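These are the residues of each chain, in order.
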Amino acid sequence: MIDYLPMKKDIHPKEYRKVIFADNSSGAKFLISSTIAAKETAKWEEDGREYPIHHVEISSASHPFYTNQDKTIDTAGRVEKFKSRMAKAKAKK
């Protein structure tokens, strides 16, 4: 027989509430319980209530592992910067 211990008091976060996570690359939105700090709020379409919103660059809706699509997501222009550096390096040779 397994004897379960009661949960400890005053160790769990007090700011645990529903938060909308918005994927910037796919446009998908998820309503999840979280403690993350969010400065903006948005209306959730399904129930019409206002919730804090947090924007993420990638989620399961846009990550190639979950979508089985080969897709390059470049939000900061890193690929273009790398290509221009490589072109300059080849021109010097």
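The sections below set out a description of the structure shown in this document. Since the model is a prediction, treat every value here as computed from it, not as a measurement.

### Observations concerning the pairing of strand β1 (residues 17-23)
Across the seven residues that make up β1, a large majority, five, are buried. Summarising the sheet, β1 and strand β2 (residues 29-34) pair through six bridges and their orientation is antiparallel. By the bridge assignment for β2, alanine 22 is matched with lysine 29. Relative to strand β4 (residues 50-56), β1 is paired through four bridges, and the arrangement is parallel. In the strand pairing of β4, isoleucine 20 is matched with isoleucine 53.

### Considering helix α2 (residues 78-92)
Counted at 1.5 Å a residue, the expected span for α2 with its 15 residues is 21 Å, and the 21 Å between its end C-alpha atoms agrees. Burial within α2 is sparse, with just zero of its 15 residues counted as buried.

What counts and how
- Residues numbered from 1 in each chain as written.
- Predicted model: local features only at pLDDT ≥ 70, side-chain atom pairs only at ≥ 80, totals over all residues.
- Heavy atoms only, no water.
- Buried < 20%, exposed > 50% of the residue type's maximum accessible area, 1.4 Å probe, protein only.
- Helix = DSSP H or I, 4+ residues; strand = E, 2+ residues; numbered from the N terminus.
- Pairing = 2+ DSSP bridges.
- Expected span 1.5 Å × (residues − 1).

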